Amino acid sequence: MYFFKIYLIEIKMLKEENVKLFRFSRNYDLFKSLLLNQEKIKIPSDLPLFLGNKESDFNISIITSPFCQYCREAHEIIEKIIQNHGSNIKVAMLFNPRFEFIDEKTKDLYRNLFSVYYQKGETQFREDLTKIFDSKNYDFYTNKEFMDLKWLDERIKSQTEFCYDNDLNLTPTIFIN
């Protein structure tokens, strides 16, 4: 009987705590003040892979990974936005692979993605990225038809360094203008 009473008291306390958290999380004024007080992050224009209208003033930046389930969902949303508003929006895409911690096969996947973007263009890049997100097997995408390997690795590592320097470690991370 005593155990049951303690359990009921705990449930009551958790419910009260939950109500307080919801009040906090749904407080728009608090959210707005925290948002406006945050340090703004400026993404250098030479880092990302740009999709959509590269001249647009409206910008969505995303830090993503082809191995992240949540990134897949974000990618689907970004694809719909580009399809519907591609002429009015610029999407800046960054990847955050830690080359020192990943195997050669994974490095090749990133190299292939970047090679496709720079050699075959945005449309093929978007199609390939969608295939990667849809597939659990990445073997089809490791053909090693790279551009200049050193240049590609520098581009990929510069994106990773930017993320590390700005403490952007989680994917997906999305910035709007």
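Structure: above.
Residues numbered from 1 in each chain as written. Predicted model: local features only at pLDDT ≥ 70, side-chain atom pairs only at ≥ 80, totals over all residues. Heavy atoms only, no water.

Let us look at the layout of surface pockets. Of the pockets and cavities examined, the largest pocket occupies roughly 650 Å³. Contributing to the lining of the largest pocket are 21 residues, with Lys40, Ile41, Phe175, Ile176 and Asn177 lying nearest its centre. Residues that form the lining of the largest pocket fall into these classes: eleven nonpolar, six polar and four charged. (1 Å grid on protein atoms, 1.4 Å probe; cavity = no way out; pocket = protein on both sides within 12 Å on 5 of 7 lines; lining within 4 Å. Points joined across faces, edges and corners; volume = space filled by probe spheres on them. Nonpolar A, V, L, I, M, F, W, Y, C, P; charged D, E, K, R; others polar.)

Topologically, Tyr117 is positioned in helix α4 (residues 104–120). For the pair Tyr117 and Asp57, spaced 60 residues apart in sequence, the C-alpha separation works out to 22 Å. When near neighbours in sequence (up to four residues on either side) are disregarded, Tyr117 contacts Leu49, Phe50, Leu51, Lys54, Glu122 and Phe125. Looking at Tyr117, its side chain comes within polar contact range of the main-chain nitrogen of Phe50, at 2.9 Å. (Helix = DSSP H or I, 4+ residues; strand = E, 2+ residues; numbered from the N terminus. Contact = heavy atoms within 4.5 Å. Polar contact = N/O pair within 3.5 Å; in protein donor to acceptor, adjacent residues only side chain to side chain.)

With that settled, consider the sheet that holds strand β3 (residues 90–95). Read from one edge to the other, the open sheet built from four strands follows the order β1-β3-β2-β4, with strand pairing classed as mixed. Strands with a single pairing partner mark the edges of an open sheet, and in this sheet they are β1 (49–52) and β4 (173–176). Averaged over all adjacent pairs, the angle separating strand axes in this sheet is 20°, with direction ignored. Sheet topology note: the β1/β3 ladder contains four bridges and is antiparallel. Paired with Leu49 across the strands is Met93, a residue of β3. Each of β1, β2 (59–64), β3 and β4 is contacted by helix α3 (residues 69–85), which is oriented at about 155° to β2, the strand it contacts most. Each of β1, β2 and β3 touches helix α6 (residues 149–165); the most contacted strand, β3, lies at about 90° to it. (Pairing = 2+ DSSP bridges. Axes fitted to C-alpha atoms, helices over the stretch in contact; angles between N-to-C directions.)

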